[in-house]
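Structural features, examined
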Amino acid sequence: MRLISPVFLLGILSLGRLPAAGPLAGGLQPFVEKHELAGAVTLVADKDKVLSLESIGFADLAAAKPMGPDTMFWIASESKAMTAVAVMMLVDEGKLSLDDPVEKYLPEFRGQMVVAEKDGAHVLLRKPAHPATLREVLSHTSGLPFKSALEEPTLDALPLATAVRSYAMTPLQSEPGVRYQYSNAGINTAARVLEVVSRQKYEDFMQQRLFTPLGMKDTTFWPSPEQVARVAKTYRPTKDKMGLEEAPLGQLRLPLSDREHRYPMPAGGLFSTARDTALFCQMLLNRGELGGRRYLSEAAWKELTSRQTAPSIKESYGFGLTVGPDGFGHGGAHATNMEVRVKDGLVLIWMVQHAGFPGEGAKAQGVFRKWAVESFGQK
């Protein structure tokens, strides 16, 4: 862990090593100067083009390395939306039905039980009213837990088939369809169904059907050594909440480029850049199409981006996306965020690497959003 002193940070700020300031800099610079934000890359796009791309602050404070447009970030749970799009491609092809039980494709889920009652160390199990469906694993309503007991110490240490088998051995925490429970296990299970149905490795399907066609050249589960050098450091508040210290990527195994011991994690394993993530979001803003190529049908796009959780459930979630009155999107564990504002005709990409913020650092994203909508939103 590396502590970053305010005096040191003021010193590197005074040296003028930051990129030339853009129109958003005035709103975000105070967060950097007050040691509440290490740095950020922001992007605003419409359906056809990038309207703004700005970098502020530092990707590595100790090295005084500024953020840049090609800085890479662990986008974590933003991966869920990309996985869901891939699954919906197979729905479009008639190879899957959203209301099929998972056990139709993954026999290890047959006979899975649900927790009926807990009393200390004693757990009473019973048969669920119905087996969990593909629709439910994609919308966090399957009853599957966040992860299994085998996914330790990191979330990327098991092959996908092994991880999903461990979910099948774990009792459901609630009746399918009844309760929202944020679940990496559910999204990973949907990705394993994709593998079985497509007869292709999940990571190969993602590369060939989504990343390469969209031009997402820096989106990967395994950053190369060159890409690793562009990954922003993660920061968190110091114990006194007065500054920043470097934080580990605790959910992932190092080195990141290791393909022998690290496995693709569909629910949260991707690294990407602002430009790459924007391409994916532009496709969604265009209702499943980009650059003359259609990735999703209108029907699949509507299912993906519509609320799937019941009215009785507080959380409004589609497939791999939170949905609301202005549009849809998703955030990542280290505070990245992608937002498709259908109402304003905009894509907003917020790239930072923070495991928490000191002071008012968490408000920086709101400053960006307000500026972007006021500057570029449909009048």
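Before reading on, note that the structure itself is shown above.
Residues numbered from 1 in each chain as written. Predicted model: local features only at pLDDT ≥ 70, side-chain atom pairs only at ≥ 80, totals over all residues. Heavy atoms only, no water.

1. Some details on the packing of aromatic side chains
Enumeration according to the criterion identifies 7 aromatic pairs in this entry. For the pair Phe146 and Tyr182, a centre-to-centre distance of 6.3 Å together with 20° between the ring planes defines the contact as stacked. Of the two residues, Phe146 sits in the loop between helix H4 (134-138) and helix H5 (160-168) while Tyr182 sits in the loop between H5 and helix H6 (184-198), which places them 36 residues apart along the sequence. Arranged with centres 5.7 Å apart and planes meeting at 55°, the rings of Tyr202 and Phe221 form a pair that is tilted. You can see Tyr202 sitting in helix H7 (residues 202-214) and its partner Phe221 sitting in the loop between H7 and helix H8 (225-228), a full 19 residues away along the chain. There is no split in this pair, since Tyr202 and Phe221 are both buried. Pairwise contacts between aromatic rings join Tyr202, Phe221 and Trp222 into one cluster. The ring of Phe31 is capped by Lys34, whose NZ or CZ atom sits 6.0 Å from the centre of that ring. (Phe/Tyr/Trp six-rings, centres within 6.5 Å; stacked < 30°, edge-to-face > 60°. Helix = DSSP H or I, 4+ residues; strand = E, 2+ residues; numbered from the N terminus. Buried < 20%, exposed > 50% of the residue type's maximum accessible area, 1.4 Å probe, protein only. Lys NZ or Arg CZ within 6 Å of the ring centre and 35° of its normal.)

2. Here we look at the sheet that holds strand E4 (residues 65-66)
Strand order in the open sheet formed by 7 strands is E4-E3-E2-E16-E15-E14-E13, with antiparallel pairing between adjacent strands. Strands with a single pairing partner mark the edges of an open sheet, and in this sheet they are E4 and strand E13 (322-323). Summarising the sheet, strand E15 (residues 337-341) and strand E16 (residues 346-351) pair through 5 bridges and their orientation is antiparallel. When the bridges of E16 are listed, Asn337 appears paired with Trp350. Packing against the sheet, helix H9 (residues 274-285) makes contact with strand E2 (39-45), strand E3 (50-60), strand E14 (328-331), E15 and E16, and its axis sits at approximately 150° to E16. Taken strand by strand, helix H11 (residues 364-376) contacts E2, E3, E15 and E16, and its axis lies near 155° from that of E16. (Pairing = 2+ DSSP bridges. Contact = heavy atoms within 4.5 Å. Axes fitted to C-alpha atoms, helices over the stretch in contact; angles between N-to-C directions.)

3. A closer look at the pattern of salt bridges
Enumeration according to the criterion identifies 24 salt bridges in this entry. Ionic pairing is found between Arg135 and Asp99, a salt bridge with its closest N-O pair at 2.8 Å. On the criterion of sequence distance, the pair formed by Arg135 in helix H4 and Asp99 in the loop between helix H3 (79-92) and strand E6 (114-119) is long-range, its members being 36 residues apart. Taking the shortest distance from any N to any O, the salt bridge between Glu298 and Arg287 comes out at 3.0 Å. Residue Glu298 is found in helix H10 (residues 298-305), and its partner Arg287 is found in the loop between H9 and strand E11 (289-290); the two are separated by 11 residues along the sequence. Judged by its relative accessible area of 38%, Glu298 is partly exposed. Salt bridges sharing partners connect three or more residues here, namely Asp326, Glu339, Arg341, Lys343, Asp344 and Arg369. (Salt bridge = Lys/Arg side-chain N within 4 Å of Asp/Glu carboxyl O.)

4. Observations regarding the nonpolar core
Membership of the largest hydrophobic core comes to 83 residues, with the highest contact counts inside it found for Leu210, Phe280 and Leu284. Tallying contributions element by element places H3 first for this core, with 9 residues. Those residues in contact with Leu210 that lie beyond four places of it in its chain are Met82, Val85, Met89, Phe205, Phe280, Met283 and Tyr295. Counting 18 residues, the second-largest nonpolar core is a separate cluster that includes Leu28, Phe31, Val32 and Ala372. (Core = buried A, V, L, I, M, F, W, Y, C linked by side-chain atoms within 4.5 Å.)

5. Considerations on unusual backbone geometry
Look at the link from Glu152 to Pro153: it is a cis peptide, with omega at 0°. Following Leu254, the chain continues to Pro255 via a peptide bond in cis, the omega torsion being 0°. Mapped onto the secondary structure, Pro255 falls in the loop between strand E9 (244-247) and strand E10 (270-272). One non-glycine residue, Arg287, adopts positive backbone phi at about 60°. We classify Arg287 as partly exposed; its relative accessible area is 35%. The backbone of Ala335 shows a phi angle near 80°, a positive value even though the residue is not glycine. Structurally, Ala335 can be placed in the loop between E14 and E15.

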